[in-house]
Amino acid sequence: MARVDYYVIEQEIQRILQDELIGVTITVETDQPMDSHPWVSVYLMSREAPSGQPIAAGTQTRFRLRFSVWCWCWSLESSEAAAKLRDGLLGDVEIALMKHRKLGNRVLSSWLEGGEMSVTNYQDDAGVTAYVSGGEVVLVAEVLAAI
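Attention in this report is confined to the structure presented alongside it.

Scoring rules and cut-offs
- Residues numbered from 1 in each chain as written.
- Predicted model: local features only at pLDDT ≥ 70, side-chain atom pairs only at ≥ 80, totals over all residues.
- Heavy atoms only, no water.
- Buried < 20%, exposed > 50% of the residue type's maximum accessible area, 1.4 Å probe, protein only.
- Helix = DSSP H or I, 4+ residues; strand = E, 2+ residues; numbered from the N terminus.
- Pairing = 2+ DSSP bridges.
- Expected span 1.5 Å × (residues − 1).
- Contact = heavy atoms within 4.5 Å.

Burial analysis of strand β6 (residues 129-146) places 14 of its 18 residues in the buried class, which makes it a mostly covered element. Pairing geometry for strand β3 (residues 60-75) and β6, over 16 bridges, is antiparallel. The residue bridging S68 from the neighbouring strand is V138, located in β6. Taken together, the 7 bridges between strand β5 (residues 117-123) and β6 define a ladder with antiparallel strand orientation. Bridged to S118 within β6 is G134. With antiparallel pairing between neighbouring strands as the criterion, β5 and β6 make up a hairpin whose turn holds 5 residues, including G127 at a positive phi of roughly 85°.

Written out as structure tokens, the structure reads:
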């Protein structure tokens, strides 16, 4: 049976980002650790078998995987400061992923397709306000599952 090791690919993305980004917490399929800053988390969002599959008598299938890579930063200063930190981290993540298009030879190819942005402020029980800013990198990768 053809299979893809999805979690192994996520771990490779984590390894690449850990090697490229110093001082950044990188997690896979995990909620934000409250004591970390900056923070990046990798999630596998979907997979599809695109049309135009090769004729291989049921021995192989191409899949297109969509990963959501969320980059989070916070600041006690302002939402603008948090957004600037986010933008820097987002750019560093994009550059790291572009440098490793085959994700350690675990995929045939990969590319970026934008993502969502977020800025939120939180106030704790003591009245201290923190500004949290997030940006998503949508990473699409093609893999081949073959017997």
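On we go from here.
As a further point, take helix α1 (residues 6-20). Along its 15 residues, α1 runs 22 Å from first to last C-alpha, staying within 8% of the 21 Å computed at 1.5 Å per residue. Listing the buried residues of α1 in full gives I9, E10, E12, I13, Q14, I16 and L17. Buried residues along α1 sit against β1 (25-28), β2 (39-48), β3, α2 (79-99) and β6.

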